[in-house]
Amino acid sequence: MTVPTLKLNDGKTIPQLGFGVFKVDPEETERIVTDALEVGYRHIDTAAVYGNEEGVGRAIANSGIARDELFVTTKLWNDRHGAEESKRALGESLEKLGLDHVDLYLIHWPTPENNNSVETWEAFPSYREQGLTTSIGVSNFDHRYLPQILDTGIIPTVDQIECHPQFQQIETRPLLAEHDIKVEAWGPLGQGKVDYADTVIGEIASAHGKSWAQTIIRWHLQRGHVVFPKSNNRDRMAQNFDVFDFELTAAEVASIDSLENGGRVSGDPADVN
Ligand code: NAD
């Protein structure tokens, strides 16, 4: 199965479907990422704070898959902001991953109380120029925090933000579209905290002979999001990857769109420091 790619605003490409490892136990990460690679995923989303970069790296090293067939993202944690400190942090992440570069490096949160994400962001292009990362982006920068980043003139390729049917980042979306910044949807399934099967998604899923999770992943893909659902369970990993043999109608997409109610399931960037 070939996963579609999206073209980023720096000319590089990204596989639209990947595998996320938030809350994957470091002890189990190597096995779980090995399963994901065997299922067919080639895009892995990790972060320094997940504590599992080493397991991701071991799974990649043991997989025998060529580096240029893989897309690996990691993220700078909140206590490592600043030009010098972020460079050290990226070096540590690469060491743990056993890689000489990542494909995408993100500022994980804006951390408004620290107030130095702009200085940090201004250092990011040098990591690209040094070949330590191919592309650069941000995460959790919504309409309140993205303008300061855009004012630098350095435009992120992606913004990785909470995004699922009941919380679609309505206020931030126009800004992202204006600058061709791709939405990377985190918590794409609502982290399993929303009973989406009991909404119109359940009916649409039945009509296609698919699960509610596959239906939501398909909605993300058709909305142009990059999406990397997480599961420790190999059957669900395979299910979440099996989303390329059906298509939602425009009316089905619109009825899922109408589930928007502003209901986030996890942290507000204003409160994460
Ligand atoms: P998710 O929406 O992918 O939900 C994961 C949960 O959904 C699983 O633990 C499981 O309970 C359930 N699930 C998965 N597949 C299923 C299936 N087929 N059927 C039924 N239930 C299923 O949530 P997530 O892990 O928070 O988000 C995905 C990825 O996004 C993360 O792993 C991480 O890489 C990234 N992320 C980034 C941030 C950030 O701040 N940048 C925050 C959270 C997550």
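Bear in mind that the values here come from a model prediction, so they are computed numbers and not experimental data.

**Structural notes on the site of the ligand**
Among the 26 residues in the neighbourhood of the ligand, the closest are listed as Asp 45, Ser 139, Leu 189, Gln 191 and Asn 240. One of the side-chain N or O atoms of Asn 140 is found 2.9 Å from an oxygen atom in the ligand. At 3.0 Å from a nitrogen atom of the ligand is found a side-chain nitrogen or oxygen belonging to Gln 160. In isolation the ligand has 830 Å² of accessible area, and contact with the protein removes 89% of it. When atom positions are compared with the pocket grids, the ligand is found to occupy the largest pocket. Broken down by secondary-structure element, the contributors of at least two residues to the shell around the ligand are α8 (212-222) and α9 (234-241). Counting residues per element, the shell around the ligand draws most heavily on α9, at three residues.

**What about the pattern of salt bridges?**
Within the structure shown, the criterion is met by 17 salt bridges. Note that Arg 80 and Glu 92 form a salt bridge whose closest N and O atoms lie 2.9 Å from each other. Of the two residues, Arg 80 is situated in the loop between β5 (71-76) and α3 (83-97) and Glu 92 in helix α3; the sequence distance between them amounts to 12 residues. Because the salt bridges share partners, they merge into one network encompassing Glu 28, Arg 31, Asp 35, Glu 38 and Arg 234.

**Some thoughts on the UniProt feature "binding site: substrate" (unreviewed entry) in the protein**
Summarizing the sequence annotation, UniProt attributes the feature "binding site: substrate" (unreviewed entry) to His 108 in the numbering used throughout. Topologically, His 108 is positioned in the loop between β6 (102-107) and α4 (117-129). Not counting chain neighbours up to four residues away, the residues in contact with His 108 comprise Ala 47, Val 49, Tyr 50, Lys 75, Leu 76, Trp 77, Asn 78, Ser 139 and Asn 140.

**Considering the UniProt feature "site: Lowers pKa of active site Tyr" (unreviewed entry) in the protein**
Residues given the UniProt feature "site: Lowers pKa of active site Tyr" (unreviewed entry) here are Lys 75. Classification of Lys 75 by relative accessible area gives buried; the value is 0%. Of note is the side chain of Lys 75, whose polar atom sits 2.7 Å from the side chain of Asp 45.

**Side note on the packing of aromatic side chains**
Within a pair of aromatic rings, the relevant descriptors are the distance that separates the centres and the angle that separates the planes. Inspection of every chain in the model, using the stated rule, returns eight aromatic pairs. For the ring pair Phe 19 and Tyr 41, a centre distance of 5.3 Å and an interplane angle of 55° mean the geometry is tilted. Of this pair, Phe 19 sits in strand β3 (residues 19-20) while Tyr 41 sits in the loop between α1 (26-39) and β4 (43-45); the two residues are 22 residues apart in sequence, bridging distant segments of the chain. What makes Phe 19 buried here is its relative accessible area of 0%. Residue class for Tyr 41 comes out buried when judged on its relative accessible area of 0%. Their ring planes at 45° and their centres at 5.2 Å tell us that Phe 22 and Tyr 50 sit as a pair that is tilted. Taken together, the positions of Phe 22 in the loop between β3 and α1 and Tyr 50 in the loop between β4 and α2 (53-63) put the pair 28 residues apart, joining distant regions of the chain. A relative accessible area of 37% means that Phe 22 is categorised as partly exposed. Taking the relative accessible area as the measure of exposure, Tyr 50 reaches 14% and is therefore buried. Of the aromatic side chains, those joined through ring pairs into one cluster are Phe 19, Tyr 41, Phe 241 and Phe 244.

**What to know about the environment of Thr 34**
Position of Thr 34 among the secondary structure elements: in helix α1. Along the sequence, Thr 34 and Ile 216 sit 182 residues apart, while their C-alpha atoms lie 25 Å from each other. Apart from the residues lying within four places of it in its own chain, the contact partners of Thr 34 are Thr 29 and Ala 59.

Thresholds applied
Residues numbered from 1 in each chain as written. Predicted model: local features only at pLDDT ≥ 70, side-chain atom pairs only at ≥ 80, totals over all residues. Heavy atoms only, no water. Near = heavy atom within 4 Å. Polar contact = N/O pair within 3.5 Å; in protein donor to acceptor, adjacent residues only side chain to side chain. Areas by Shrake-Rupley, 256 points an atom, 1.4 Å probe, with all protein chains shown as cover. 1 Å grid on protein atoms, 1.4 Å probe; cavity = no way out; pocket = protein on both sides within 12 Å on 5 of 7 lines; lining within 4 Å. Sits in = over half its atoms within 2 Å of the grid points. Helix = DSSP H or I, 4+ residues; strand = E, 2+ residues; numbered from the N terminus. Salt bridge = Lys/Arg side-chain N within 4 Å of Asp/Glu carboxyl O. UniProt positions renumbered as here; feature names shortened; annotations may be inferred. Contact = heavy atoms within 4.5 Å. Buried < 20%, exposed > 50% of the residue type's maximum accessible area, 1.4 Å probe, protein only. Phe/Tyr/Trp six-rings, centres within 6.5 Å; stacked < 30°, edge-to-face > 60°.

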